[in-house]
Amino acid sequence: MTSSASRGRPDSPRVVTDSAALSQVLRKARTGGKVIGLVPTMGALHAGHLSLVRASVAACDLTVVTIFVNPTQFGPNEDFARYPRTLEADLRMLGREQADFVFAPAADQIYQPGFSTYIEPPDVAQPLEGRCRPGHFRGVATIVLKLFHLIPADIAFFGQKDYQQVRVIQAMVADLDVPIRVVICPTVREPDGLAMSSRNRYLNATERRQAVAISRSLARAEELVRDGERCAATIHSAMCAVLTSAGIERVDYVALVDPLTLTDVDPVPDGTMALVAAFVGGTRLIDNRQLGKG
Ligand code: AMP
């Protein structure tokens, strides 16, 4: 197999840019009964990503991590150009994990000249991120389906951190009969509760302190639900108050929704998903928490 880098250590992953060769190796392994795990990422890896890699390594015989900053899921005024690209550091981190392959294609390998076919995302893509980032899930669904085709895996691992994204992928997989199992892994957080994100590195010290209000607003919602509060408006305003008092003013949404359909709920039953998207300085962060589940 052609690879852009050889194994640095016996147990470090092989970096692959040739998807056909990788696919051939994986198909052969599957025929031999091996279970293949896939962890799609955009790189700039952190402990959240590594938790997905570990979940895959634990459940599968072979693990493939993909690193690709997908241009089609960024809006024209978003951070595609400055999105952190840290391949060397990513590979060092993955070298300490048990992943087998890293697929890190070039953009023109994935989107060849004349590319014009996109996935029309499912209904769960409409609210929340769908409303704030038009076209985002069209790009996500398209790249994920392409990766599913390029890398014949049995199980794909995604983070709850991007909850709506997982629901979009689950719905797409069900609607289009894609033969892959989707596993959701819990959100990994900094010690103060901030959800890990590649975008956290954009935050200055003041913003970093403010950013923790996002997870605090979710914790406040959990506290209220535990105490028996069921009124969506009451929980919603309590969450907004936590954000406002931290100086977070530009809030894209605070939502209390059904975990499957992502439609608003009121009253708020156990199992409701609370989701927040807000700007801290110029950085847009998202987080979520399932309420009343302990
Ligand atoms: P990204 O590189 O941001 O596209 O994320 C790649 C995968 O890692 C997605 O499935 C994310 O949901 C997941 N992920 C990102 N941040 C976290 C986190 N803090 N905890 C768990 N998974 C995460």
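Residues numbered from 1 in each chain as written. Predicted model: local features only at pLDDT ≥ 70, side-chain atom pairs only at ≥ 80, totals over all residues. Heavy atoms only, no water.

## Describing the overall build of the protein
At step 1: Of the regular secondary structure elements, the protein holds nine helices and nine strands.
At step 2: By the compact-globule yardstick of 19 Å for 294 residues, the protein fits well, its C-alpha radius of gyration being 20 Å.
At step 3: The principal-axis extents of the C-alpha atoms in the protein amount to approximately 60 × 40 × 40 Å.
At step 4: Here the protein, with 294 residues, has 53% of them falling under the buried criterion.
At step 5: Considering only contacts in the protein between residues 6 or more positions apart, those separated by 24 or more positions represent 72%. (Helix = DSSP H or I, 4+ residues; strand = E, 2+ residues; numbered from the N terminus. Rg over C-alpha atoms; globule rule 2.2 N^0.38 Å. Buried < 20%, exposed > 50% of the residue type's maximum accessible area, 1.4 Å probe, protein only. Contact = heavy atoms within 4.5 Å.)

## With respect to the sheet that holds strand E1 (residues 14–16)
At step 1: An order of E1-E4-E3-E2-E5-E6 is seen for the six strands of this open sheet, with the pairing classed as parallel. The open sheet is flanked by E1 and strand E6 (181–185), the only strands paired with a single partner. Within the sheet, the average angular offset between the axes of one strand and its neighbour, ignoring direction, is 25 degrees.
At step 2: By the bridge criterion, two bridges tie strand E2 (residues 36–41) to strand E5 (residues 155–159) in an arrangement that is parallel. Across the sheet, residue Leu38 finds its bridge partner in E5, namely Ala156.
At step 3: Where helix H1 (residues 19–31) meets the sheet, its contacts fall on E1, E2, strand E3 (62–67) and strand E4 (101–103), and the angle it forms with E4 comes to roughly 140 degrees.
At step 4: Along the sheet, helix H3 (residues 87–95) makes contact with E1, E3 and E4, crossing E3 at roughly 165 degrees. (Pairing = 2+ DSSP bridges. Axes fitted to C-alpha atoms, helices over the stretch in contact; angles between N-to-C directions.)

## Section: the site of the ligand
At step 1: As a structural note, the neighbourhood of the ligand is formed by 17 residues, with Met42, His49, Asp162, Val188 and Met196 the closest of them.
At step 2: For the ligand, an oxygen atom lies 2.9 Å from a polar atom in the side chain of His49.
At step 3: For the ligand, an oxygen atom lies 2.6 Å from a polar atom in the side chain of Asp162.
At step 4: Protein burial of the ligand: of its 480 Å² of free accessible surface, 92% is covered by the chains. (Near = heavy atom within 4 Å. Polar contact = N/O pair within 3.5 Å; in protein donor to acceptor, adjacent residues only side chain to side chain. Areas by Shrake-Rupley, 256 points an atom, 1.4 Å probe, with all protein chains shown as cover.)

## Here's the deal with the pairing of strand E9 (residues 283–290)
At step 1: The element E9 is extensively covered by neighbouring structure, given that six of its eight residues are classed as buried.
At step 2: Bridging between strand E8 (residues 273–280) and E9 involves eight bridges; their strand directions are antiparallel. Note that in E9 the partner of Leu275 across the bridge is Asn288.
At step 3: Between E8 and E9, which follow one another and run antiparallel, lie two residues, and Gly281 among them has a positive phi close to 60 degrees.

## Side note on the sheet that holds strand E7 (residues 251–257)
At step 1: Read from one edge to the other, the open sheet built from three strands follows the order E7-E8-E9, with strand pairing classed as antiparallel. Here the strands that pair on one side only, and so sit at the sheet edges, are E7 and E9. The mean angle between the axes of side-by-side strands here comes to 10 degrees, regardless of whether they run parallel or antiparallel.

## Some thoughts on the pattern of salt bridges
At step 1: The final tally for this structure, using the stated rule, is eleven salt bridges.
At step 2: A salt bridge links Arg284 to Glu129; its shortest N-O distance comes to 2.8 Å. With Arg284 in strand E9 and Glu129 in helix H5 (residues 129–132), the pair connects residues that are 155 residues apart, well separated along the chain. You'll find Arg284 and Glu129 in the same group, each marked buried.
At step 3: Measuring nitrogen to oxygen at the nearest pair gives 2.8 Å for the salt bridge that ties Arg189 to Asp287. Remark: Asp287 occurs in strand E9 and Arg189 occurs in the loop between E6 and helix H8 (205–226); sequence separation between them is 98 residues.
At step 4: With relative accessibility at 3%, the residue Asp287 sits in the buried group. (Salt bridge = Lys/Arg side-chain N within 4 Å of Asp/Glu carboxyl O.)

By themselves these figures say nothing about function.
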